[in-house]
Amino acid sequence: MSQKIQLEIRDHTALLTIANPPANTWDRESLAALEQMIAQLDDNPQVYALVITGQGEKFFSAGADLKQFADGDKAAASEVAALFGRAFDALTRFRGVSIAAINGYAMGGGLECALACDIRIAEEQAQMALPEASVGLLPCAGGTQNLPWLVGEGWAKRMILCGERVDAQRAEKIGLVEEVVPRGEALARALKLAESASKQSPSSVSRCKRLVMNARHDDHDAGWAAERELFAELFDTQDQKEGVNAFLEKRSPTWKNA
């Protein structure tokens, strides 16, 4: 497995660190590694949550390594775009809770990585942008689709069409991030939030996440029907019985993720 994405398991949380200095850029190797790691984590019943951050103090990720596109090779660019799509789609579909600890600049594909997560925690000095059009490109890893959902069409157009960069405080105000913390504290806050998520039934969390994500494209009636269907489906799991009985017996539940 590539060392450009480092993996550490802490209790029920997987910590992924983007480690491609100096700016933690994405390339074929790191994107393929991310996709593979997410698949492994999905298959590990002991992993309930995921935190992703950048190595060092300056960059979460500066996005794609532009050297990959310097020669104008269309076929190669399509290959990289497909790798971006598969990697960040896998991150979006991770069955547990995913949290981006934005510890610095999150630009282009770096911000798209954070957008693929369920929750974003940014340090006060963080800067975020989708500047692809300034170099003759466009966001190809979910940026044009995920950003408007979070911040609305107006701010998405300011950032994508006008190249506007936002700081952490503005990002929180417009809904791009859920919380701003002091410098150096994003990872600790994200891990604490992941720990809280791990106290929830993982069987319930995975279904709740599917319902929330489906609300982006399903109509209201379909969403309500799916809620009732997945609620009943939980009664086929061990976690449902454990959760209810633990509450009635006034003890902490022991989840099986099954």
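Quick caveat, the model's predicted, so the values are computed rather than measured.

Cut-offs used in this document
Residues numbered from 1 in each chain as written. Predicted model: local features only at pLDDT ≥ 70, side-chain atom pairs only at ≥ 80, totals over all residues. Heavy atoms only, no water. Pairing = 2+ DSSP bridges. Helix = DSSP H or I, 4+ residues; strand = E, 2+ residues; numbered from the N terminus. Axes fitted to C-alpha atoms, helices over the stretch in contact; angles between N-to-C directions. Parallel < 35°, antiparallel > 145°, perpendicular 65-115°, else oblique. Contact = heavy atoms within 4.5 Å. Core = buried A, V, L, I, M, F, W, Y, C linked by side-chain atoms within 4.5 Å. Buried < 20%, exposed > 50% of the residue type's maximum accessible area, 1.4 Å probe, protein only. 1 Å grid on protein atoms, 1.4 Å probe; cavity = no way out; pocket = protein on both sides within 12 Å on 5 of 7 lines; lining within 4 Å. Points joined across faces, edges and corners; volume = space filled by probe spheres on them. Nonpolar A, V, L, I, M, F, W, Y, C, P; charged D, E, K, R; others polar.

A. Focus on the sheet that holds strand β8 (residues 127-129). As summarised here, the arrangement of the four strands in space is β4-β6-β8-β9, forming an open sheet in which the pairing is mixed. The outermost strands of the open sheet, each flanked by one partner alone, are β4 (59-61) and β9 (166-167). Strand direction decides the pairing type here: strand β6 (residues 105-107) and β8, joined by two bridges, are parallel. Across the sheet, residue M107 finds its bridge partner in β8, namely A129.

B. Examining the packing of helix α8 (residues 202-214) against helix α9 (residues 220-233) more closely. Contact geometry for α8 and α9: axes closest at 10 Å, N-to-C directions at 170°. When the axis of α8 is compared with that of α9, the two are roughly antiparallel. Contact with α8, carried on its side by R207, R210 and L211, involves G223, A226, E227, L230 and E233 of α9 and no other residues of that element.

C. Main features of the nonpolar core. If you look at the biggest cluster of nonpolar residues, it comprises 50 residues, and the most contacted ones within it are L16, I52, F88, I102, M128 and L176. In terms of residue count, helix α2 (residues 74-93) provides more of this core than any other element does, seven residues in total. In this structure, A49, V51, A101 and I121 belong to the second largest nonpolar core, which totals 14 residues.

D. Representation of the layout of surface pockets. Space inside the largest pocket adds up to approximately 880 Å³. Every residue lining the largest pocket is counted, 33 residues in all, and those nearest its centre are T92, D118, K209, M213 and R216. For the lining of the largest pocket, the secondary structure elements donating two or more residues are α2, β7 (119-123), α4 (143-151) and α8. When its volume is computed, the second largest pocket comes out at roughly 350 Å³. In terms of lining residues, the second largest pocket is bounded by 21 residues, among which A64, L66, F69, E132 and L137 are the most central. Elements represented by at least two residues in the lining of the second largest pocket include exactly α2 and α3 (109-115). Tallying contributions element by element places α2 first for the lining of the second largest pocket, with four residues. Classifying every residue of the lining of the second largest pocket gives 14 nonpolar, five polar and two charged.

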